[in-house]
Amino acid sequence: MNAPFTVRASSWAGLFDCAYRWEGIHLLKLRNVVGLRAALGTAIHAGTAVFDQSRLDGSGITADDAAGAMIDKLRAPENEFDPSRDDITMPEAERVGLTLVSKYCTDVSPKYDFVAVEMETKPLDIDCGDGVIVRLTGTMDRARIRKAVGGGVGIADLKSGATAVRQGAAVTQGHGPQIGTYELLYEHTTGQPITDDAEIIGLKTKGMPEIATGTIRNGKRVMVGDQDNPGLIEFAAEMFKTGRFYPNPKSLLCSPKYCPRHATCHFHD
Ligand code: SF4
């Protein structure tokens, strides 16, 4: 049997945005330097995760402690980034991060009854025929499992970014594949079904810091399809079988800043 093609939950959207870029990053192992705004996102998630984990295990982490964890992560020496590539300074990043983490811990997290935070999952191998195995994998980075009203569970996934909230609602567009993968992995790992719609908790890091939610239905169906329509796993399997990873020079990430293949790719302008 051939070695499986491993696709992390968080990278499905990238595979179908520009597959050529995805191949560069995940199969050819090309790397970009991270921007400060991305580092801010990582730091915000670290702060909110320690807070929510503490709510589960009763370790008594306060909102102030969570803000401290966010600052530590933002300033961590291993958190390398190139400040010349960003539209935000470190003091601004700290201010935005502190505002969002405090607001999340005080106003948002208490509304939820979480049962797991950033849960580890068992890899799920899907035999796509012709010796191609697609392996779904990944910690549920930034996601929580929440108790649903009336019993059962659903996913709540935190998304931060410059445009994570628009017109008072979390932007859900493009997150379906990752959510669907989380749902498959949760069910595979625990043997329990996901019974409720998924929720995106958006944290906006540009302009006025804002937090809002949005709903994703049928994430799983996006991945596995139904009796009439193929899912994304089937399309991905075709790419892996043929080795054809299509370029998309119209991708929003088609720039030297976001694509490590940009210097050698001849498909963009
Ligand atoms: S430069 Fe543009 S088209 Fe080429 S791989 Fe990167 S994102 Fe895709």
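The coordinates are above.
Parameters at a glance
Residues numbered from 1 in each chain as written. Predicted model: local features only at pLDDT ≥ 70, side-chain atom pairs only at ≥ 80, totals over all residues. Heavy atoms only, no water. Helix = DSSP H or I, 4+ residues; strand = E, 2+ residues; numbered from the N terminus. Polar contact = N/O pair within 3.5 Å; in protein donor to acceptor, adjacent residues only side chain to side chain. Contact = heavy atoms within 4.5 Å. Expected span 1.5 Å × (residues − 1). Buried < 20%, exposed > 50% of the residue type's maximum accessible area, 1.4 Å probe, protein only. 1 Å grid on protein atoms, 1.4 Å probe; cavity = no way out; pocket = protein on both sides within 12 Å on 5 of 7 lines; lining within 4 Å. Points joined across faces, edges and corners; volume = space filled by probe spheres on them. Nonpolar A, V, L, I, M, F, W, Y, C, P; charged D, E, K, R; others polar. Salt bridge = Lys/Arg side-chain N within 4 Å of Asp/Glu carboxyl O. Phe/Tyr/Trp six-rings, centres within 6.5 Å; stacked < 30°, edge-to-face > 60°. Core = buried A, V, L, I, M, F, W, Y, C linked by side-chain atoms within 4.5 Å. Domains from an automatic or database assignment. Near = heavy atom within 4 Å. Sits in = over half its atoms within 2 Å of the grid points.

A.B. asks: Is there a simple way to think about the side chain of Glu199 in this case?
C.D. replies: Mapped onto the fold, Glu199 is located in strand S9 (residues 198-204). There is a polar contact of 2.4 Å between the side chain of Glu199 and the side chain of Tyr112. Not counting residues up to four positions away in its chain, the partners in contact with Glu199 are Tyr112, Arg146, Ile155, Ala156, Asp157, Thr213 and Gly214.

A.B. asks: Could you clarify how one ought to interpret helix H5 (residues 90-108) in this entry?
C.D. replies: Along an α-helix, a turn takes 3.6 residues, which lines up residues three or four apart on a common side. Between the first and last C-alpha of H5 there are 25 Å, a value that for 19 residues agrees with the 27 Å anticipated at 1.5 Å per step. Every buried residue of H5 is accounted for by Ala93, Glu94, Val96, Gly97, Leu100, Val101, Tyr104, Cys105 and Val108.

A.B. asks: Can you help me understand empty space enclosed by the protein in this one?
C.D. replies: Where empty space is left becomes clear once a probe the size of a water molecule has been rolled over the atoms. This model, assessed by the stated rule, comprises one cavity of 30 Å³ or more. Along the wall of the largest cavity there are 14 residues; nearest its centre are Cys18, Asn248, Cys254, Cys259 and Cys265. Of the residues in the lining of the largest cavity, the class split is eight nonpolar, four polar and two charged.

A.B. asks: Would you mind showing me how to read the pattern of salt bridges here?
C.D. replies: Any two side chains of opposite charge can pair if their charged atoms end up close together. Tallied over the full model, the rule gives 15 salt bridges. With a closest N to O distance of 2.8 Å, Arg75 and Glu94 form a salt bridge. With Arg75 in helix H4 (residues 63-75) and Glu94 in helix H5, this pair connects stretches of sequence that are 19 residues apart. Among the charged side chains, a salt-bridge network with shared partners connects Asp130, Glu238 and Lys241.

A.B. asks: I'm lost on the packing of aromatic side chains in this one. Help?
C.D. replies: Centre-to-centre distance and the angle between the planes together describe a pair of aromatic rings. Within the structure shown, the criterion is met by seven aromatic pairs. A centroid spacing of 5.9 Å and a plane angle of 50 degrees characterise the contact between Trp22 and Phe240, whose relative ring orientation is tilted. Of this pair, Trp22 sits in helix H2 (residues 19-27) while Phe240 is found in helix H8 (residues 232-242), placing the two residues 218 residues apart along the sequence. What makes Phe240 buried here is its relative accessible area of 6%. Measuring from ring centre to ring centre gives 5.3 Å for Tyr112 and Phe114, while their planes differ by 5 degrees; the resulting arrangement is stacked.

A.B. asks: Is there a simple way to explain the nonpolar core in this structure?
C.D. replies: One broad rule of soluble globular proteins: the nonpolar side chains tend to lie buried together. In terms of nonpolar packing, the biggest core is built from 25 residues, with Leu40, Ile44, Tyr104, Ile201, Leu203 and Ile211 touching the most fellow members. Put simply, the parts of the chain that give this core at least two residues each are helix H3 (36-57), H4, H5, strand S6 (153-161) and S9. No other element matches the seven residues that H5 contributes to this core. Built from parts of two domains, this core gets at least three residues from each of domain 1 (1-27 + 115-269) and domain 2 (33-111). If near-sequence neighbours (up to four positions away) are discounted, Tyr104 is found in contact with Thr48, Asp52, Ser109, Pro110, Phe114, Arg144, Leu158, Ile201, Leu203 and Ile211. Core analysis: the next-biggest nonpolar cluster, separate from the first, contains 20 residues, Cys128, Val134, Leu136 and Leu185 among them.

A.B. asks: What am I meant to see in the site of the ligand here?
C.D. replies: Close to the ligand lie Cys18, Tyr20, Arg21, Asn248, Pro249, Cys254, Cys259, His262, Cys265 and His268. One can see that the ligand is located within the largest cavity. Classifying every residue of the shell around the ligand gives six nonpolar, three polar and one charged.

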